[in-house]
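Chain by chain, the residues:
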Amino acid sequence: MVTVIAAIDQMEVETMKECKAVGIDAAKAAGKYKGRKPISDEKRERILVEVKRGSKIQMIADHFKVSHPTIYNMMKAAGATRPAPSESSDRFRG
């Protein structure tokens, strides 16, 4: 009995995913589903410069109006690492 209910539930989940995909495709075709604008290359470079200088991630994020996970993703994509902490790294140098 439980197996039958689980199978029905799984089928409903798959149907909902298909309906969602159809709706997203229709919205994209109508120009309504665009997502967020990508961060410009200039802004990305400026952020990475601040990371390399040792500025705190949250301070950089606040200054450039992006989230700190976005900065970590940029660092990962660029192969950038944070320098060792120092006394002067507690200020933003922007």
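Anyway, here's the lowdown on the structure attached to this text. Please read all numbers here as calculations on a predicted model, not as lab measurements. (Residues numbered from 1 in each chain as written. Predicted model: local features only at pLDDT ≥ 70, side-chain atom pairs only at ≥ 80, totals over all residues. Heavy atoms only, no water.)

The next subject is helix H3 (residues 57-64). Three or more residues of H3 are buried, namely Ile57, Ile60, Ala61 and Phe64. Buried residues in H3, looked at end-on, bunch into an arc of 100°, giving them a common side. Those residues of H3 hidden inside the fold are in contact with helix H2 (41-53) and helix H4 (68-78). The first or second residue beyond H3 is Lys65, which carries a positive phi of 55°. (Buried < 20%, exposed > 50% of the residue type's maximum accessible area, 1.4 Å probe, protein only. Helix = DSSP H or I, 4+ residues; strand = E, 2+ residues; numbered from the N terminus. Arc of directions from axis to C-beta. Contact = heavy atoms within 4.5 Å.)

Before going further, it helps to spend a moment on the environment of Leu48. Locating Leu48 in the fold gives a position in helix H2. Taking the C-alpha atoms as reference, Leu48 lies 7.7 Å from Met74; in sequence the two are 26 residues apart. Excluding residues that lie within four positions of it along the chain, Leu48 makes contacts with Met74, Met75, Ala78 and Ala80.

Taking 1.5 Å of rise per residue, the 13 residues of H2 would be expected to cover 18 Å, and the 18 Å separating its terminal C-alpha atoms lies within 8% of that figure. Three or more residues of H2 are buried, namely Ile47, Leu48, Glu50 and Val51. Buried residues of H2, viewed axially, fall in a sector of 155°; they line one side. Exposed and facing more than 90 degrees away from the buried side of H2 are Asp41, Glu42 and Lys52. Check the buried side of H2 and you find it contacts H3 and H4. Positive phi shows up at Gly54, right after H2, with a value of about 100°. (Expected span 1.5 Å × (residues − 1).)

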